[in-house]
Amino acid sequence: MTTFQALPFIGAGLNRVDGPRKVSGQAPYSSDFSAPGQVHAVLVRSTIAAGRITAIDAATAEAAPGAVKVFSHLNAPSLARGPMTPLGSSPPAPLQDDRVLHHGQHVALVVAETREQADAAAALVRVEYAAAEPVLDPEDPRAVIVDNPWGLDRERGDLAAGLAAAHVTVEAEYATSDNTNNPLGLFATLAEWEGDRLTVHDSTQWPSMVQETLAVVFGLPEESVRVLSPFVGGGFGAGLRAWPHVILAAMAARELGRPVKLVLTRPQMFTSVGHRPKGVQRVRLGASADGRLLALEHRSRSLLAVEDDDYEPFAAGSAVAYACPNVRTWDQQVRVNIPAPVSMRAPAEAQGNFALESAMDELALALRMDPVDLRLRNYADTHPALGLPWSGKALRECCTVGAERFGWSRRPAEPRTLRDGHWLVGQGMAGVSYPWYQAPCSARATVAADGQATVSSAAIDIGTGTYTVMTQLSAELLGLPPERVRFELGDSDLPKAPQAGGSGLTGALGSAVHDACARLLGALLDLVRDDARSPLRGSDPADVVAAGGRLRRRDEPERAETYTAILARHRLPDLSAEGSSTPADPRDLGMAPAGAFGAHFAEVRVDEDLGLVRVTRVVSVIDGGRILNEKTSTSQIIGGVIGGIGMALFEDTVTDPTTGRITNATFGDYLVPVHADIPDIDVTFVGEPDRMNPIGTKGVGEVGLVGVAAAVANAVHHATGVRVRSLPITLDALL
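All of these numbers come straight from a predicted model, not from anything done at the bench. (Residues numbered from 1 in each chain as written. Predicted model: local features only at pLDDT ≥ 70, side-chain atom pairs only at ≥ 80, totals over all residues. Heavy atoms only, no water.)

1. Examining the overall build of the protein
So, point 1. Looking only at helices and strands, one finds 16 helices and 28 strands in the protein.
So, point 2. Its C-alpha radius of gyration of 27 Å places the protein within 12% of the 27 Å reference for a compact globule of 735 residues.
So, point 3. Referenced to the eigenvectors of the C-alpha coordinate spread, the extents of the protein come out at roughly 80 × 75 × 50 Å.
So, point 4. The buried share of the protein, taken over its 735 residues, is 60%. (Helix = DSSP H or I, 4+ residues; strand = E, 2+ residues; numbered from the N terminus. Rg over C-alpha atoms; globule rule 2.2 N^0.38 Å. Buried < 20%, exposed > 50% of the residue type's maximum accessible area, 1.4 Å probe, protein only.)

Encoded structure:
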């Protein structure tokens, strides 16, 4: 069977196979689906952040034109909380009691014949509250503190001894703000029951998880729930949970006996589907005179909802980022009255890397050492915690190639040296090590009598190119042109798959596809093993190569047979095989699993009088293992860099410190980068295929964002001499 050793390091830049459907408007998103007899649902949200509901007057709303029913905790059925998932617990079930835990919480659901009628009726619902003083400040003594929430705190060596032996130490506090995922596509759910069978069209990054959650909530076997999501208008982590609005749509559909469609508004997206939580971090570094790290301490405190969980160990990644003998990392979360935080592109690493790589820049300045040289001096040849060789690591090459492409050698060491008129020019960089992640996955491969192949899995494409790269990979493995392969995804009835998130789907799904295709070719050989009419009689998988829609012997190329001929002779319309992938134990393999690595170099200009910051150049060099499709992978990195610039300079979800209301929950008020804010982005891939999986890939979904904020902040310091340790960097910090 073909593995990555026989395949190119960088695959052809195949155009997106789903591109024509998208640009012609034929790609169906969740909000595009309708069902006969459907009604429309609209949420009513709380106007306080803490307290209890004392009364709900829904009579006027239910008497409004087209209104069907108003659901609240007074009449909603009892619902179970969803299950624990690989990414943490499910959110609490909605409309189960009178408590209010955050501003914007769902307190009622209005259903009407049309969306306009539902909106009008929702405005007539009157809710009365007994408000309590919300906990919004993490320093509030009433706030509940969760120590080491994920069991990832680490300590090795003797931190105190390392600091005592250090020639130079730096210590600083860094802050990152709340950011909201804000995919372009508004999240939508259409729920329809047929007896005890539930079908849901949903904006999700994980159909299998939504299926499992709805089955638990409604007491159904999983096979009685089908979740469909062929196209998603972005996610950035917001689609990694079965949110309360999904459950409410399914609940209303069951109670009313009619399909229910619910589409969130943009303001509701700010309170209903998560956000990247704000936090404060303290980093302390100690180094020898020659720049070798002797001590590294990283502490973080981030925000958490009152009755929910979120995987955000800001400090954990620092334990393995560099070769340092004395390390301590620990994380805290603080429960406050806010909407539930959730993964946002590069969860925890985006925030943690900003603190660590800013501190490394401060250390380089204190040592009077080049920032690139400092990072290379502390390059970890083996995994610092496991002591095993990496499955693949080209961080050194990322730094050196990036420095060369950027022209780093011409950068003066002293801040405020470069100038262009009234613009101060600065250059900064950051190293990136994004952790490895892979979950179990399944896939099915089928070849039909006409020679066409279908490969399928309940995975998802959130715009990252899964349709394309998996079509490409399947075609390579089966020896077919891409146009003769169809990849199916976005349906929970297909073989189970993990989420599109954590930069783990390509490795997990690609490995499952690899296994399924290998098993399919093995099944074809089984058909002809004792077939005297076949030129492949007696052949084993190691003896053959798949190419041109046929199997041929490696040693005797003339001994070959097409899939079509094999199936026709055995009177089979098609043949299928199931495949799966399960991540191996690193100690069994004798190597540490390596995620993606990278180095980002940024140039900024800062208006000396106004404090305006403009990013003028970015060079990103990435070790992503084997790159299946250079075009889609480059697009992933560019998108990540743009997100990193947004984190550095623009994005800040502002919560009123008294009421808990988000004050900028529209695209008119929440700033994101636009075309004029983004320069040309130079992306280069380096490294080798990774040894942890048979296709040699690493995920590149997150590594493009991690490190960008630090590189920009370091460049701002180089331009101005002002060290900004809080994001986003605003002009008032530079005046």
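2. Side note on the layout of surface pockets
So, point 1. Of the volumes computed, that of the second largest pocket is approximately 610 Å³.
So, point 2. Taken together, 31 residues make up the lining of the second largest pocket; nearest its centre are Pro138, Lys278, Gly279, Val280 and Leu303.
So, point 3. Ranked by residues supplied to the lining of the second largest pocket, first place goes to strand β15 (residues 293-305) with 5 residues.
So, point 4. When the residues that make up the lining of the second largest pocket are grouped by side-chain class, the tally is 11 nonpolar, 10 polar and 10 charged. (1 Å grid on protein atoms, 1.4 Å probe; cavity = no way out; pocket = protein on both sides within 12 Å on 5 of 7 lines; lining within 4 Å. Points joined across faces, edges and corners; volume = space filled by probe spheres on them. Nonpolar A, V, L, I, M, F, W, Y, C, P; charged D, E, K, R; others polar.)

3. Notes on the packing of helix α5 (residues 207-218) against helix α6 (residues 244-256)
So, point 1. At a minimum axis distance of 11 Å, the contact between α5 and α6 shows a crossing angle of 50 degrees. If you check the angle between α5 and α6, you find them oblique. For α5 against α6, the interelement crossing comes out right-handed. The segment α5 lies against α6, with Val210, Leu214, Val217 and Phe218 engaging Val246, Ile247, Ala250, Met251 and Arg254.
So, point 2. Looking at the contact of α5 with α6 residue by residue, the classes come out as 8 nonpolar, no polar and 1 charged. (Axes fitted to C-alpha atoms, helices over the stretch in contact; angles between N-to-C directions. Parallel < 35°, antiparallel > 145°, perpendicular 65-115°, else oblique. Left-handed = near helix turned anticlockwise from the far one by under 90°. Contact = heavy atoms within 4.5 Å.)

4. Some thoughts on the nonpolar core
So, point 1. In terms of nonpolar packing, the biggest core is built from 66 residues, with Leu285, Leu363, Val604 and Val712 touching the most fellow members.
So, point 2. Not counting the four nearest positions on each side in its chain, valine 712 is found in contact with Ala602, Val604, Val615, Ala648 and Leu649. (Core = buried A, V, L, I, M, F, W, Y, C linked by side-chain atoms within 4.5 Å.)

5. Describing the packing of aromatic side chains
Aromatic rings considered in pairs are described by the distance between their centres and by the relative angle of their planes.
So, point 1. Taken as a whole, this structure holds 10 aromatic pairs when the rule is applied.
So, point 2. Between the aromatic rings of tyrosine 174 and phenylalanine 354, the centroid separation amounts to 6.0 Å while the plane-to-plane angle is 85 degrees, which identifies the pairing as edge-to-face. In this pair, tyrosine 174 is assigned in strand β9 (residues 168-176) and phenylalanine 354 in helix α8 (residues 349-367), connecting sequence segments 180 residues apart. In terms of burial, tyrosine 174 and phenylalanine 354 fall into one category: buried.
So, point 3. Judged by centre distance (5.6 Å) and plane angle (90 degrees), the ring pair of tryptophan 390 and phenylalanine 597 falls under edge-to-face. Of the two residues, tryptophan 390 is situated in the loop between α9 (371-377) and α10 (395-406) and phenylalanine 597 in strand β26 (residues 597-607); the sequence distance between them amounts to 207 residues.
So, point 4. Residue class for tryptophan 390 comes out buried when judged on its relative accessible area of 9%.
So, point 5. On the basis of relative accessibility, which here comes to 2%, the residue phenylalanine 597 falls in the buried class.
So, point 6. One cation-aromatic arrangement involves arginine 241 over tryptophan 243; the distance from NZ or CZ to the ring centre is 5.1 Å.
So, point 7. The ring of phenylalanine 406 is capped by arginine 617, whose NZ or CZ atom sits 4.0 Å from the centre of that ring. (Phe/Tyr/Trp six-rings, centres within 6.5 Å; stacked < 30°, edge-to-face > 60°. Lys NZ or Arg CZ within 6 Å of the ring centre and 35° of its normal.)

6. Concerning the sheet that holds strand β19 (residues 441-448)
So, point 1. Overall, mixed pairing links the 4 strands, which are arranged β21-β20-β19-β25 in an open sheet. This sheet does not close on itself; its edge strands, each paired only once, are β21 (485-488) and β25 (574-581). Within this sheet the neighbouring strands show an average axis-to-axis angle of 15 degrees, counted without direction.
So, point 2. Of the pairings in the sheet, the one linking strand β20 (residues 453-456) to β21 comprises 4 bridges and is parallel in character. When the bridges of β21 are listed, threonine 454 appears paired with arginine 486.
So, point 3. Docked against the sheet, helix α12 (residues 505-528) engages β19, β20, β21 and β25, running at close to 140 degrees with respect to β25. (Pairing = 2+ DSSP bridges.)

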